[in-house]
Amino acid sequence: MNKNPLSDSASFRDPDGYVFRVDKRVFRALRRSGLDLYQTFRESGAAHWAEQQKLITPSWELKPGERAGFGDLPSDVVGILEQERIPFLSYPYEWSFDMLKDAALLQIDLSLGVAPYNLTLKDATSFNIQFVGAKPIFIDVLSFTPYKPGTPWVGYAQFCQSFLYPLALKALAGVDFQPILRTFLDGIPISFMKKILGMRAWLHPGMFKHVVLQSALQRSFAKKTPELAREFRDLHFSLDHVLGLLRAIKGQVEKLSPPHTLSHWASYPEEHSYRPHAFEKKRAFVIKHLEKIGTSTVLDLGCNTGEFSLLASSHAQQVIALDADPDSVNKLYLHCRGHGISRILPLVSDLTNPSPGLGWNHAERASLLDRCKAECILALALIHHLCLTKNIPFAHIFNLFARLKARHVIIEFVPKSDPMVKELLANRDDVYPWYTRSQFEKEAEALFSIGERLELEEGGRVMYWLISHCNS
């Protein structure tokens with residue numbers, strides 16, 4: 001074990017404690033206030049209820065004798081918890097619409113569920129939720145605090161900014177929230193939301209209440225009107241009022257849905273250019289090598305709606321499925337959720353502009369490439385898009401695979417003769433003389449060995465199994 005485990009870069013702001021990792025285990029160091037919160041949560045019975053319902057990550061307090069391997073912890077640390085590890089950390093700006101919606105409903109259901117134990121959640125940040133496959137789970141056991149009679153729902157504004165507003169942007173304005181949440185880590189500001197929605201905020205009953213009226217109230221508080229501040233301070237909110245607001249906003253969230261029109265890529269599996277026998281050869285090639293590799297983690301780059309992610313999930317412990325198209329990722333998520341598939345984590349990510357390190361010191365939220373490490377990478381029907389649409393040379397693509405520590409790559413080369421490539425080049429000059437099969441193989445062999453190649457059709461697409469030189 002590490003001699004002096006340090007605070008995780010994402011938890012240093014918490015006054016009650018901090019997360020640290022030792023090997024593959026996750027711990028939370030507790031200060032006095034944090035230990036009091038946790039013991040209250042545990043002794044109330046709420047922790048047992050939430051764990052039984054599988055709404056929160058299981059946690060347990062270490063006995064003094066079990067802390068010996070941690071070295072010298074700070075003097076204000078009075079307790080240590082161990083928590084069940086999340087296989088892969090993702091962030092709200094990488095989730096699809098229904099992932100964020102399910103996370104929002106989990107946040108509300110937890111708030112409603114702990115109320116009978118006289119507890120509430122002291123915040124409502126979406127970063128307190130992670131996904132294990134297609135199931136959201138709450139990870140911050142120090143967020144539960146005793147409810148103070150007469151106080152309002154303290155997480156209301158944060159819930160709107162982190163959950164309700166992003167969902168409403170997509171549902172009512174057709175605006176993808178992922179790049180916006182990447183900019184506003186604390187959630188979408190109400191002023192921004194009001195400008196984007198415009199008249200839609202006035203015409204939609206829920207948005208009128210949660211955007212227009214709240215914006216007006218916020219402006220009044222900003223003016224520091226003594227009379228308004230005094231009136232608000234003298235208000236006494238009953239627990240029934242708080243629960244009523246939670247149920248009302250849950251109803252608003254449940255009604256939100258993405259626009260019915262799907263992107264071009266969400267319907268791609270029904271429109272691809274493969275002949276049936278060629279597609280079956282491709283499937284057989286992928287299955288053959290996944291079985292041979294016996295990998296624990298597969299990273300499916302450009303997964304689309306996840307046909308090969310689903311296939312890989314039968315041969316790997318975990319599949320991280322990435323695609324730049326939010327509609328395609330959402331379609332895969334709904335399929336996994338509906339069929340109880342737990343081995344696939346679908347995420348929205350543009351490989352040419354992946355999530356960078358964000359927050360304080362660019363380290364509070366780790367970059368996607370720092371989080372993504374996989375024994376096997378699938379790159380199927382992807383390379384021609386990267387090369388011919390985004391101008392990414394072959395060498396840079398293989399360097400990325402090496403950075404991701406891939407020991408094996410199952411990849412497809414699509415030649416210029418393919419109908420899909422002809423479509424990509426239809427309205428542009430062909431300035432890609434280097435885009436050839438021979439150059440592809442030459443660049444691949446700088447970092448990988450070609451274990452096997454298979455032509456799907458004569459002169460057509462070619463499948464490759466690449467083995468890292470580091471694995472040879």
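Residues numbered from 1 in each chain as written. Predicted model: local features only at pLDDT ≥ 70, side-chain atom pairs only at ≥ 80, totals over all residues. Heavy atoms only, no water.

S.K.: Explain the sheet that holds strand E1 (residues 17-22) here, please?
M.R.: In a beta sheet, neighbouring strands are held together by backbone hydrogen bonds and run either parallel or antiparallel to one another. Strands sit in the order E1-E2-E4-E3 across an open sheet of 4 strands; the sheet is antiparallel. A single partner strand is all that each edge strand has here, and the edge strands are E1 and strand E3 (59-61). Strand-to-strand, the axes of this sheet are offset by a mean angle of 30°, without reference to chain direction. Here 6 bridges tie E1 to strand E2 (residues 25-30), and the two strands are oriented antiparallel to one another. The residue bridging Val 19 from the neighbouring strand is Arg 28, located in E2. (Pairing = 2+ DSSP bridges. Helix = DSSP H or I, 4+ residues; strand = E, 2+ residues; numbered from the N terminus. Axes fitted to C-alpha atoms, helices over the stretch in contact; angles between N-to-C directions.)

S.K.: How should I be thinking about the packing of aromatic side chains in this particular structure?
M.R.: How two aromatic rings sit relative to each other is given by the distance of their centres and the angle of their planes. Across all of its chains, the model carries 26 aromatic pairs by this definition. Summarising the aromatic geometry, the rings of Phe 398 and Phe 401 are spaced 5.9 Å apart at their centres and angled 80° between planes, so their arrangement reads as edge-to-face. Of this pair, Phe 398 and Phe 401 both sit in helix H16 (residues 394-403), 3 residues apart, which is roughly one turn of the helix. With respect to class, Phe 398 is no different from Phe 401; both count as buried. Through a chain of ring-to-ring contacts, the aromatic side chains of Phe 394, Phe 398, Phe 401, Phe 413, Tyr 432, Trp 434, Tyr 435, Phe 440, Phe 448 and Tyr 464 assemble into a single cluster. (Phe/Tyr/Trp six-rings, centres within 6.5 Å; stacked < 30°, edge-to-face > 60°. Buried < 20%, exposed > 50% of the residue type's maximum accessible area, 1.4 Å probe, protein only.)

S.K.: What exactly am I supposed to notice about the side chain of Thr 295 here?
M.R.: Topologically, Thr 295 is positioned in the loop between helix H11 (276-293) and strand E9 (297-301). Residue Thr 295 is classed as buried on the basis of its relative accessible area, which comes to 4%. In terms of polar contacts, Thr 295 uses its side chain to reach the backbone carbonyl oxygen of Thr 297, at 3.2 Å. The contacts of Thr 295, once residues within four sequence positions are left out, are Leu 290, His 315, Ala 316, Gln 317, Glu 375 and Cys 376. (Polar contact = N/O pair within 3.5 Å; in protein donor to acceptor, adjacent residues only side chain to side chain. Contact = heavy atoms within 4.5 Å.)

S.K.: Just to check I follow, could you spell out helix H1 (residues 32-43) for this structure?
M.R.: The α-helix winds at 3.6 residues per turn, so residues separated by three or four positions along the chain end up facing the same way. With 12 residues, H1 extends 16 Å between its outermost C-alpha atoms, agreeing within 8% with the 16 Å of an ideal straight helix rising 1.5 Å per residue. Against E2, helix H2 (46-52), E3, strand E4 (79-83), strand E5 (119-121) and strand E8 (144-146) lie the buried residues of H1. Downstream of H1 by a residue or two, Gly 45 has a phi angle that is positive, lying close to 95°. (Expected span 1.5 Å × (residues − 1).)

S.K.: Looking at this structure, how should I read the pattern of salt bridges?
M.R.: Once their charged atoms are close, side chains differing in charge can pair, the charge on each being opposite to the other. Using the criterion set out here, one finds 24 salt bridges in the structure. Note that Glu 455 and Arg 437 form a salt bridge whose closest N and O atoms lie 2.7 Å from each other. Of this pair, Glu 455 sits in strand E14 (residues 448-455) while Arg 437 sits in helix H18 (residues 437-444); the two residues are 18 residues apart in sequence, bridging distant segments of the chain. Relative accessible area serves as the criterion here: at 33%, Glu 455 is assigned to the partly exposed category. A network of salt bridges, in which partner residues are shared, links Lys 282, Glu 412, Asp 418 and Arg 461. (Salt bridge = Lys/Arg side-chain N within 4 Å of Asp/Glu carboxyl O.)

S.K.: Where do I start with the pairing of E14 in this structure?
M.R.: Regular strands show a simple pattern: their side chains alternate between the two faces of the sheet. Taken together, the 7 bridges between E14 and strand E15 (residues 462-468) define a ladder with antiparallel strand orientation. Within E15, the residue paired with Phe 448 across the bridge is Ser 468. Connecting the antiparallel pair E14 and E15 is a turn made up of 6 residues, with Gly 459 showing a positive phi of about 75°.

S.K.: Just checking my understanding: could you explain the state of the cysteines for this structure?
M.R.: Applying the stated rule across the entire model yields 0 disulfides. The structure places no disulfide on Cys 387, whose sulfur is separated from the nearest cysteine sulfur, that of Cys 303, by 19 Å. Cys 387 gets classed as buried once you look at its relative accessible area, which sits at 0%. (Disulfide = S-S within 2.5 Å.)

S.K.: What's the story with the side chain of His 384 in this structure? I'm lost.
M.R.: The residue His 384 is located in helix H15 (residues 383-388) in this model. Residue class for His 384 comes out buried when judged on its relative accessible area of 1%. Within the local environment of His 384, its side chain forms a polar contact with the side chain of His 385, the two groups lying 3.3 Å apart. In this structure His 384 touches Thr 389, Val 414, Met 420, Val 421, Leu 424 and Tyr 435, once residues within four positions along its chain are discounted.

S.K.: What is the right way to read the packing of helix H4 (residues 156-173) against helix H10 (residues 239-255) from this model?
M.R.: As a packed pair, H4 and H10 sit with axes 11 Å apart at the nearest point and diverge in direction by 15°. Considering the angle they form, H4 stands roughly parallel to H10. You can see that H4 and H10 cross each other, and the crossing is left-handed. Each of Tyr 156, Phe 159, Cys 160, Leu 164 and Leu 167 in H4 lies in contact with H10, whose residues at this interface are Leu 245, Ile 249 and Val 253. Its residues placed into classes, the contact of H4 with H10 shows 8 nonpolar, no polar and no charged. (Parallel < 35°, antiparallel > 145°, perpendicular 65-115°, else oblique. Left-handed = near helix turned anticlockwise from the far one by under 90°. Nonpolar A, V, L, I, M, F, W, Y, C, P; charged D, E, K, R; others polar.)

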